[in-house]
There are 2 protein chains.
Amino acid sequence: MSEKQTYTVVEGGSITTPKGFKAGGLHCGLKKTDRNDLGAILCEVPATAAGVYTTNVFQAAPLKVTRESLVNGTLQALVVNSGNANACTGEQGEADAYEMRAATARQLNVAEENVAVASTGVIGELLKMDAVRSGIAGLPEKLDGGAAGAEEFCQAILTTDLVKKECCVKVSVGGEEVVIAGAAKGSGMIHPNMATMLGFMTTDAAIDGEDLLNLLRAATNVTFNMITVDGDTSTNDMLVAMASGLAGNSKLNRLHPDWDNFAAAFTHVCQSLAKSIARDGEGATKLIEVRVSGAVNDEAAAAIAKTVVGSSLVKSAIFGADANWGRIIAAVGRAGVPVSPERVDISLGAIEVLLQSKPVAFDEEQALVYLQKSDTVLITVKLHDGEGTATAWGCDLTYDYVRINAAYRT
Amino acid sequence: MSEKQTYTVVEGGSITTPKGFKAGGLHCGLKKTDRNDLGAILCEVPATAAGVYTTNVFQAAPLKVTRESLVNGTLQALVVNSGNANACTGEQGEADAYEMRAATARQLNVAEENVAVASTGVIGELLKMDAVRSGIAGLPEKLDGGAAGAEEFCQAILTTDLVKKECCVKVSVGGEEVVIAGAAKGSGMIHPNMATMLGFMTTDAAIDGEDLLNLLRAATNVTFNMITVDGDTSTNDMLVAMASGLAGNSKLNRLHPDWDNFAAAFTHVCQSLAKSIARDGEGATKLIEVRVSGAVNDEAAAAIAKTVVGSSLVKSAIFGADANWGRIIAAVGRAGVPVSPERVDISLGAIEVLLQSKPVAFDEEQALVYLQKSDTVLITVKLHDGEGTATAWGCDLTYDYVRINAAYRT
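Residues numbered from 1 in each chain as written. Chains lettered and ligands numbered in written order. Predicted model: local features only at pLDDT ≥ 70, side-chain atom pairs only at ≥ 80, totals over all residues. Heavy atoms only, no water.

In the annotation of an unreviewed UniProt entry, chain A is listed under the name Arginine biosynthesis bifunctional protein ArgJ and assigned to Paenibacillus agri. Taken from UniProt, the Function (unreviewed entry) comment for chain A reads in full: "Catalyzes two activities which are involved in the cyclic version of arginine biosynthesis: the synthesis of N-acetylglutamate from glutamate and acetyl-CoA as the acetyl donor, and of ornithine by transacetylation between N(2)-acetylornithine and glutamate." As recorded by UniProt, the Sequence similarities (unreviewed entry) comment attached to chain A reads in full: "Belongs to the ArgJ family." (UniProt positions renumbered as here; feature names shortened; annotations may be inferred.)

Following this line, the structure appears as structure tokens:
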């Protein structure tokens with residue numbers, strides 16, 4: 001984040017707030033409940049677009065289709081289903097993903113190569129294409145440029161998520177107001193390593209395509225790639241950004257005087273969505289934020305922050321409101337990067353528990369109250385080895401995580 | 001394991017079965033309950049010895065002392081306490097570890113530099129040295145060359161373990177019977193990366209010191225380093241082997257005609273202890289064994305096997321008896337090593353669930369019964385990319401893991 005914040009959060013804003021976007025969602029029958037399971041975003045013009053994807057070797061069929069659509073750097077629509085990941089479904093799965101793209105293009109009257117496809121849900125089962133077909137046929141009348149359409153879309157992409165995730169900010173570019181928004185889903189199998197679960201960004205900025213892609217990658221690295229729920233990286237992670245260009249701003253590129261402001265605003269949306277995903281991790285009761293400073297470099301800081309926030313023992317201790325800093329330092333020490341073992345400081349919130357690698361006689365009662373009452377638990381690790389910094393987000397490990405995942409398919 | 005097994009498991013054997021060893025344990029006051037918390041092993045002669053240690057950057061004080069003792073490749077005694085890890089305890093912690101070594105040497109009448117020290121328990125609290133001192137003073141009368149002494153020792157090294165872990169085998173070396181035994185503790189913070197938790201091996205073999213160290217390292221790599229309970233690597237992991245040489249065998253080295261038989265027997269003890277640790281992981285109800293074959297090389301196979309067995313989602317699914325192979329293939333795909341995504345076979349026990357990366361229509365009821373009834377769940381992954389193989393062991397993720405770790409210190 002820049003020191004002087006030049007963007008403003010738009011309360012009640014959504015992915016349809018940037019000019020040119022409609023969204024919608026409906027229930028077509030992929031989920032067993034009557035919750036929405038199919039959604040779409042439509043831009044009134046072909047939008048400059050970019051995507052980042054999971055690093056998992058096994059990539060779901062929709063990722064292949066979306067990559068193909070994004071070769072020309074342009075999208076006008078995207079269709080997404082929940083309830084079924086269309087992953088490890090072989091040739092039939094690919095054919096189904098292509099059919100989703102073709103049907104959406106036909107229904108929304110846009111070019112097939114300008115449609116992205118995303119899926120989330122159970123791995124290894126074929127899509128019920130009858131449901132998908134009838135759902136896509138019903139999409140046009142559901143699309144809406146207001147808050148209602150965005151709400152239906154956000155509901156359609158959720159799986160075990162408890163709450164929808166969205167964020168909207170505005171920022172001035174060359175005197176014009178530009179709006180950036182995003183929606184995401186998360187919950188389980190969350191240890192993104194390139195993109196995150198499903199994330200969709202819309203903006204009305206005019207922006208160079210290559211710079212949009214580079215910004216998406218840079219923002220992803222410090223936001224979506226810095227969260228973990230359970231260390232598992234999905235086969236379906238995908239983050240797609242669409243820029244309609246309808247804000248009327250002078251076209252953004254890296255040399256534009258407002259580039260840094262725009263980038264900060266864009267990164268804010270990514271960070272807000274990423275934190276929402278971590279906070280709503282399966283079974284979570286708390287957001288855990290780990291700030292590492294003084295590492296030999298930023299990469300080392302990131303490795304340490306992610307190792308601490310991903311430690312099952314640290315996560316269990318936070319759930320139990322146990323100020324067990326021994327588990328934090330043990331995680332720091334196994335992150336696989338250089339650390340001087342004699343000069344580590346650790347704090348829980350404002351409570352110093354370790355100074356220069358020596359235990360501080362802290363007030364256990366105060367620590368218990370902090371851990372019990374805080375909606376967000378802040379763990380600060382200072383290494384005094386260099387200038388590297390990073391922040392990572394995760395959640396506590398609870399009985400409900402086990403309950404949810406012991407019987408996900410049933 | 002060798003194809004023709006030349007060693008025999010000694011039922012009821014223990015670390016005192018090899019000639020020359022006594023062991024014992026007692027309660028000195030480090031644990032809140034009256035369970036044993038201090039133990040020792042004594043050899044009647046200085047034994048050829050070797051050790052391997054945690055890769056965690058933060059290494060507990062006793063590791064420093066033990067490394068120092070092992071510089072000369074000889075040990076005659078070792079002392080171990082549970083209830084307190086003596087880790088992150090600064091200069092006082094080091095002084096305490098040295099005092100443990102000196103007091104043990106004095107009481108057992110051996111040279112100080114021939115005594116190893118190990119600790120396990122809570123990190124960051126100073127040892128109650130009054131309790132340790134009185135405990136060490138009481139050790140000599142507890143030492144016993146029979147099964148009772150070994151039993152007391154095994155009890156003394158446990159923390160949240162439910163059962164003691166020991167194994168004993170015999171093998172013929174140059175016509176003489178040689179006995180190899182081991183005792184270990186595990187339970188939580190189990191993702192060894194060099195050695196494991198605490199493991200102590202005794203043998204009466206005469207063996208070259210350098211070859212003993214190399215064998216210890218090689219055996220550790222395919223046994224203790226292939227288990228995981230929660231992905232957390234302790235600050236206190238240590239595996240020490242002592243060889244009394246009293247079996248009267250012609251001295252073992254890598255060129256000895258019975259080397260392979262001895263190495264197989266030694267590795268069997270390590271594997272047996274490692275599997276016991278995984279099976280008794282905190283909260284575990286099942287052992288999970290993941291066998292990977294056809295990887296590009298053994299290192300890739302090991303990375304995949306450990307990623308699968310360490311996946312919280314796979315572990316939760318096994319707890320829930322859910323044949324969710326999608327989580328297995330997702331873990332294979334994020335292991336960070338090359339895999340051809342089109343030709344993966346996965347089986348649960350004898351039930352094929354994925355063939356050439358395509359779902360097999362298996363009998364869900366049969367899979368449910370297999371997962372519910374099996375004490376050990378076998379996951380087989382065949383990659384058809386090369387000749388690399390590896391096996392890893394872990395356990396399911398249960399409500400009890402969360403319960404135990406949400407309130408470990410209290």
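For the rest of this paragraph, the subject is the domain arrangement of chain A. Residue and element names in this part refer to chain A. With domains assigned, chain A is organised as domain 1 (8–279) and domain 2 (287–406). One C-alpha centre belongs to domain 1, the other to domain 2, and the line joining them spans 32 Å. With both sides pooled, the region where domain 1 packs onto domain 2 buries about 1300 Å², and carbon together with sulfur makes up 60% of that total. Area buried by domain 1 at its contact with domain 2 is led by M226, T228 and R279, which between them contribute 47% of it. Scanning the region where domain 1 abuts domain 2 turns up two salt bridges. Across the salt bridge formed by E289 and K275, the nearest N and O atoms sit 3.9 Å from each other. No other element matches the four residues that helix α6 (residues 259–279) contributes to the side of domain 1 that touches domain 2. Of the residues in the side of domain 1 that touches domain 2, the class split is six nonpolar, six polar and three charged. (Domains from an automatic or database assignment. Buried area = accessible area lost by both parts, 1.4 Å probe. Salt bridge = Lys/Arg side-chain N within 4 Å of Asp/Glu carboxyl O. Helix = DSSP H or I, 4+ residues; strand = E, 2+ residues; numbered from the N terminus. Nonpolar A, V, L, I, M, F, W, Y, C, P; charged D, E, K, R; others polar.)

Enumeration over the complete set of coordinates arrives at nine aromatic pairs over all chains. Each ring, one from F153 of chain B and one from F200 of chain B, has its centre 5.5 Å from the other, and the planes form 80°; the classification is edge-to-face. Within this pair, whereas F153 of chain B is found in helix α4 (residues 147–156), its partner F200 of chain B is found in strand β8 (residues 198–203), the two being separated by 47 residues in sequence. Across this residue pair, the class does not change: F153 of chain B and F200 of chain B are buried. Aromatic pair W259 of chain B and F262 of chain B: ring centres 6.2 Å apart, planes at 40°, arrangement tilted. On the criterion of helical spacing, the pair formed by W259 of chain B and F262 of chain B is a turn pair, its members being three residues apart in helix α6 (residues 259–279). With respect to burial, W259 of chain B and F262 of chain B carry one shared label: buried. The structure contains a cluster of three or more aromatic residues connected by ring pairs, namely F319 and Y399 of chain A together with F319 and Y399 of chain B. The ring centre of Y53 of chain A lies 4.3 Å from the NZ or CZ of R67 of chain A, which sits over that ring. (Phe/Tyr/Trp six-rings, centres within 6.5 Å; stacked < 30°, edge-to-face > 60°. Buried < 20%, exposed > 50% of the residue type's maximum accessible area, 1.4 Å probe, protein only. Lys NZ or Arg CZ within 6 Å of the ring centre and 35° of its normal.)

For the rest of this paragraph, the subject is the interface of chain B and chain A. As a measure of interface size, the accessible area lost when the parts come together is often cited. Opposite the 49 residues of chain B that make contact, chain A presents 50 residues. Taken together, the two surfaces of chain B and chain A that pack against each other cover about 4300 Å², and 60% of this comes from carbon and sulfur. Taken together, the connections running from chain B to chain A amount to zero salt bridges. Applying the counting criterion to the chain B and chain A interface returns zero residue pairs in polar contact (both at pLDDT 80 or more). Taken together, the elements giving at least two residues each to the side of chain B that touches chain A come down to α8 (312–319), α9 (325–333) and α11 (399–406) of chain B. Ranked by residue count, the leading element in the side of chain B that touches chain A is α9 of chain B, at seven residues. Looking at the side of chain B that touches chain A, its residues break down into 24 nonpolar, 16 polar and nine charged. (Contact = heavy atoms within 4.5 Å. Polar contact = N/O pair within 3.5 Å; in protein donor to acceptor, adjacent residues only side chain to side chain.)

As a further point, take the packing of helix α11 (residues 399–406) of chain A against α8 of chain B. Direction vectors running N to C along α11 of chain A and α8 of chain B enclose 70°, while the axes themselves pass 7 Å from each other. The angle between α11 of chain A and α8 of chain B places the two elements in the roughly perpendicular class. Along the contact surface, α11 of chain A presents Y401, V402, N405 and A406 of chain A, while α8 of chain B presents S312, L313, S316, A317 and F319 of chain B. Its residues placed into classes, the contact of α11 of chain A with α8 of chain B shows six nonpolar, three polar and no charged. (Axes fitted to C-alpha atoms, helices over the stretch in contact; angles between N-to-C directions. Parallel < 35°, antiparallel > 145°, perpendicular 65-115°, else oblique.)

This part covers the sheet that holds strand β12 (residues 351–355) of chain B. Residues and elements named next belong to chain B. Spatial ordering of the open sheet is given by β13-β12-β11-β14-β10-β15, a layout of six strands whose pairing is mixed. The open sheet is flanked by β13 (358–359) and β15 (388–395), the only strands paired with a single partner. Summarising the sheet, strand β10 (residues 287–295) and β15 pair through seven bridges and their orientation is antiparallel. Note that in β15 the partner of E289 across the bridge is W393. Together, β10, β14 (376–382) and β15 form the strand contacts of α8, whose direction differs from that of β14 by roughly 135°. Across the face of the sheet, helix α10 (residues 364–373) comes into contact with β11 (345–348), β12 and β14 while running at roughly 125° to β14. (Pairing = 2+ DSSP bridges.)

Below, the discussion takes up the packing of helix α1 (residues 61–69) of chain B against helix α2 (residues 90–108) of chain B. Residue and element names in this part refer to chain B. As a packed pair, α1 and α2 sit with axes 8 Å apart at the nearest point and diverge in direction by 45°. One element, α1, and the other, α2, form an angle in the oblique class. The two elements α1 and α2 meet at a crossing, and its hand is right-handed. Touching A61, P62, K64, V65, E68 and S69 of α1 are G93, E94, A97, Y98 and R101, all from α2. Residue composition of the contact of α1 with α2, by class: five nonpolar, two polar and four charged. (Left-handed = near helix turned anticlockwise from the far one by under 90°.)

This paragraph deals with the relation of the copies chain B and chain A. When chain B is fitted onto chain A, the two copies agree to an RMSD of 0.0 Å after a turn of 180° and an axial shift of 0.0 Å. Taken together, the rotation and translation describe the operation of a two-fold axis. Considering only C-alpha atoms, the part of chain B nearest the rotation axis is Y399 of chain B, at 2.6 Å. Interface residue correspondence from chain B to chain A reaches 100%, placing this contact among same-surface, isologous pairings. (Least-squares fit on C-alpha atoms with pLDDT ≥ 70 in both.)

Residues and elements named next belong to chain A. Inspection of every chain in the model, using the stated rule, returns 28 salt bridges over all chains. Notably, a salt bridge pairs R133 with D130, separated by 2.9 Å at the nearest N-O pair. Of the two residues, R133 and D130 both sit in helix α3 (residues 129–138), three residues apart, roughly one turn of that helix. For D130, a relative accessible area of 62% corresponds to the exposed category.

Residue and element names in this part refer to chain B. Among the secondary structure elements, V296 is positioned in the loop between β10 and α7 (298–310). Between the C-alpha atom of V296 and that of Q155, which follows or precedes it by 141 residues, the distance is 42 Å. Ignoring anything within four residues of it in the chain, the contact list for V296 reads P338, D385, G386 and G388.

This brings us to unusual backbone geometry. One non-glycine residue, Q356 of chain A, lies in the positive phi region at around 55°. With a relative accessible area of 39%, Q356 of chain A lands in the partly exposed category. Unlike most non-glycine residues, H384 of chain B shows phi in positive territory, near 55°. Residue placement: H384 of chain B occurs in the loop between β14 and β15. Of the residues examined, H384 of chain B reaches a relative accessible area of 40% and is grouped as partly exposed.

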